[in-house]
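Residue-level listing of the chains:
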Amino acid sequence: MGTSVLSDGHVTDLFQYHDGILHCEGVSAERLVAEYGTPLYVYSENAILERYRAFAGAFAALDPLIAYSVKANGNLAVLRLLAQAGAGADIVSGGELHRTRLAGIPSERTVFSGVGKTITELAAALAANIYAFNVESAGELRMLSELAVTMKTRAPIALRVNPDVETLTPHHYTATGHKQTKFGIPYEDAERLYHEAAQLPGIIVRGVDVHIGSQILDVEPYRLSVTRILELVERLRKSGIDLEFIDVGGGFGISYDGESGPAPSDFAAAIVPLLEHTGMRTIFEPGRYIVGPAGILLTRVLFMKHMGGKTFVITDAGMNDLLRPSHYSSYHRVEPAVRTPGRETVPVDVVGPICESGDFLALDRPIPRVEPGELLAIGATGAYGFSMASTYNARPRPAEVIVAGDAHKLARSRETYDDLVRGEAELLE
Ligand SMILES: *Cc1c(COP(=O)(O)O)cnc(C)c1O
């Protein structure tokens, strides 16, 4: 039995060392990079499925719609897998709608969130007949109603209500449930706006939506926000507006440091009792929980450098491939993909090739000494890894592969230089 790289203890750890070599399911990291190169995102199909089932199982008493948050990882192979497992989708753009349709996620299992939907995106989603628009402003509500009228249809909506709950997320960029954010409708305005919505000719009032942030490790903010939302539901019911569903949002945190994090059953214990007897359909929008620990990023060490008393490990993956460390100061585990006995552990900065001082994957991190040419695995990068990747510094985005047992296949080809100049090169005189 190998040692775990990513386990949070909820599901089988499918990234393990066998004889000192890191494997994803039955395939070694060395095998994968020999075939697909580096940097390389590697996803475990069975980890994704186990995590999806663990989440669905914890909330089974509610028979919820699990609308997977596409922005966490929108790879078509991942979406297809989740579609086949029964998931729906939470989308935040017309591009994500396009992805879900290609992957075969049914529109009746799709909800559309986001503060800045354009009329083109709203029209595409209306034409696709999605289950609900999670509306985030009065302006969006009125625009959607007018659009639906011109399209001779009605738009099913939920208002995304901001419950004004403080959430402790690791970075303030990922907290969305308190008053001073751009997200949602202020709690005290929601009732009035529901009554306006009910009068609008192009709108069907269908539910209520809340999403309080991301990477939340505490159940209490969920309990509080669901409680506040159910109070609103009750007031609306008394004034003649009956809602069909409550969408609790996403944000369920994972363990990045390999220690045990809260399990879906912990979140379920806090909120299922509140929701069980409401008679409403429940929707969840998990992203990170499903895919985060189901992926790693493999990168090759290019050079070592000693400067100012520090040791720098320079890798072929940078902030354009994995933005989270520099954008959110996020912690990801860094492990050699091949363990060599007798190597001392030294604190290093693991940095990329990008011309920015903020280009790092880990700072002051004790890892076993590595040599140029060796492989490092960056843990729990299945969520907000590739999906936040860019081509900054004219670097083609990495390949993505998906592993199931002993089988592996490309889920996205490595970009080429031609991909980089598409839309430009053909315009040169
Ligand atoms: C990002 C997002 C999610 C998913 O968040 P996770 O932390 O990945 O679970 C769900 N709903 C909305 C509205 C979001 O913006």
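Note that this is a predicted model, so its numbers are computed, not measured.

## As for the site of the ligand
Lining the immediate surroundings of the ligand are 15 residues, of which Lys71, Ser214, Gly251, Glu285 and Tyr384 lie closest. Between Asp90 and the ligand, the recorded distance is 3.1 Å, taken from a side-chain N or O atom to a nitrogen atom. In the environment of the ligand, a nitrogen atom lies 3.4 Å from a nitrogen or oxygen atom belonging to the side chain of His211. In isolation the ligand has 390 Å² of accessible area, and contact with the protein removes 94% of it. Of the residues in the shell around the ligand, the class split is two nonpolar, eight polar and five charged.

## Observations concerning the nonpolar core
The biggest cluster of nonpolar side chains holds 100 residues, and the ones touching the most others in it are Phe133 and Ile157. Considering every element that reaches this core, the biggest residue donor is helix 8 (residues 220-238), with seven residues. Mapped onto the domain boundaries, this core takes at least three residues apiece from domain 1 (3-44 + 293-420) and domain 2 (46-291). The contacts of Ile157, once residues within four sequence positions are left out, are Phe133, Val135, Leu141, Leu144, Ala197, Ile203, Ile204, Val205, Arg206 and Gly207. Counting 19 residues, the second-largest nonpolar core is a separate cluster that includes Leu22, Val33, Ile296 and Leu298.

## Describing the sheet that holds strand 3 (residues 27-28)
Pairing in this open sheet of three strands is antiparallel, and the strands run 1-2-3 from one edge to the other. One side of each edge strand has no neighbouring strand; the edge strands of this open sheet are strand 1 (15-18) and strand 3. Pairing of strand 1 with strand 2 (residues 21-24) involves four bridges; the strand directions are antiparallel. Following the sheet pairing, Phe15 is matched in strand 2 by Cys24.

## Structural notes on the pairing of strand 20 (residues 399-404)
Within strand 20, five of the six residues are buried, leaving the element largely enclosed by the surrounding structure. In this structure, strand 20 lies alongside strand 21 (residues 407-412), joined through five bridges in antiparallel fashion. Residue pairing in the sheet places Ala404 in a bridge with Ala407 of strand 21.

## Structural notes on the pairing of strand 19 (residues 375-378)
Residues Leu375 and Ala377 of strand 19 are buried on one face, and the alternating residues Leu376 and Ile378, pointing to the opposite face, are buried as well. Relative to strand 19, strand 14 (residues 295-307) is paired through four bridges, and the arrangement is antiparallel. Counted as the bridge partner of Thr299 is Leu376 from strand 19. As paired strands, strand 16 (residues 334-336) and strand 19 are joined by three bridges and run antiparallel to one another. Bridge pairing links Val334 to Ile378 in strand 19.

## Notes on the domain arrangement of the chain
For the chain, the assigned domains read domain 1 (3-44 + 293-420) and domain 2 (46-291). Measuring from the centre of the C-alpha atoms in domain 1 to the corresponding centre in domain 2 gives 31 Å. Summed over both partners, the interface of domain 1 with domain 2 buries about 2,600 Å², with 55% contributed by carbon and sulfur atoms. Connecting domain 1 to domain 2 are zero salt bridges. Mapped onto the side of domain 1 that touches domain 2, the elements with two or more residues apiece are strand 4 (40-44), helix 11 (324-328), strand 20 and strand 21. In terms of residue count, strand 20 provides more of the side of domain 1 that touches domain 2 than any other element does, four residues in total.

Definitions and limits used
Residues numbered from 1 in each chain as written. Predicted model: local features only at pLDDT ≥ 70, side-chain atom pairs only at ≥ 80, totals over all residues. Heavy atoms only, no water. Near = heavy atom within 4 Å. Polar contact = N/O pair within 3.5 Å; in protein donor to acceptor, adjacent residues only side chain to side chain. Areas by Shrake-Rupley, 256 points an atom, 1.4 Å probe, with all protein chains shown as cover. Nonpolar A, V, L, I, M, F, W, Y, C, P; charged D, E, K, R; others polar. Core = buried A, V, L, I, M, F, W, Y, C linked by side-chain atoms within 4.5 Å. Buried < 20%, exposed > 50% of the residue type's maximum accessible area, 1.4 Å probe, protein only. Helix = DSSP H or I, 4+ residues; strand = E, 2+ residues; numbered from the N terminus. Domains from an automatic or database assignment. Contact = heavy atoms within 4.5 Å. Pairing = 2+ DSSP bridges. Buried area = accessible area lost by both parts, 1.4 Å probe. Salt bridge = Lys/Arg side-chain N within 4 Å of Asp/Glu carboxyl O.

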